[in-house]
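# Chain and residue survey
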Amino acid sequence: KEQKVNTDFLENSPWDGSVYYVKEYLRANLNDWDSYESLEWSQVQTTVDGGYMVRHKYRAANGFGAKVISNQNFYYTKTGAITAIENI
């Protein structure tokens, strides 16, 4: 049985432009989720391999507690698996 995919999670949120799968990845992997502040989201694009890519700029505390700005491309599959992250 094929896994049902919630396509709402693949695209930008109509409320704040965020992408659910990327936010969940960040929630699980940032040093301090409570320090996270979204700055900018690009529109989701499909990739040549049938996946998705979105650029996200955000501020969050690093391992030393200093707030740093990250600007990254997130690549993910239709099931929400993050396959690559590229620093810009």
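Computed from a prediction, not measured in an experiment: that's the story for all the values here. (Residues numbered from 1 in each chain as written. Predicted model: local features only at pLDDT ≥ 70, side-chain atom pairs only at ≥ 80, totals over all residues. Heavy atoms only, no water.)

### Focus: helix 1 (residues 20–29)
Of the positions making up helix 1, those classed as buried are Tyr 21, Val 22 and Leu 26. Buried residues of helix 1, seen end-on, are gathered within an arc of 135° and therefore sit on one face of the element. Where helix 1 is buried, its residues meet strand 1 (37–41), strand 3 (52–61), strand 4 (67–76) and strand 5 (82–87). (Buried < 20%, exposed > 50% of the residue type's maximum accessible area, 1.4 Å probe, protein only. Helix = DSSP H or I, 4+ residues; strand = E, 2+ residues; numbered from the N terminus. Arc of directions from axis to C-beta. Contact = heavy atoms within 4.5 Å.)

### Concerning the nonpolar core
By size, the foremost hydrophobic cluster in this structure holds 15 residues, and its most contacted members are Val 19, Val 22, Leu 26, Val 54, Tyr 58 and Tyr 76. Of all the elements in the fold, those that place two or more residues in this core are helix 1, strand 3 and strand 4. Not counting chain neighbours up to four residues away, the residues in contact with Leu 26 comprise Trp 33, Tyr 36, His 56, Tyr 58 and Phe 74. (Core = buried A, V, L, I, M, F, W, Y, C linked by side-chain atoms within 4.5 Å.)

### A few points about the pairing of strand 4
Here strand 3 runs beside strand 4; their pairing, made up of ten bridges, is antiparallel. Considered in strand 4, the bridge of Arg 55 is made with Asn 73. The hairpin formed by strand 3 and strand 4 contains five residues between the paired strands, and Gly 65 there has a positive phi angle of roughly 90°. When strand 4 meets strand 5, the two strands line up antiparallel, connected through five bridges. By the bridge assignment for strand 5, Gln 72 is matched with Asn 87. Adjacent in sequence and paired antiparallel, strand 4 and strand 5 are bridged by five residues, among which Gly 80 carries a positive phi angle near 95°. (Pairing = 2+ DSSP bridges.)

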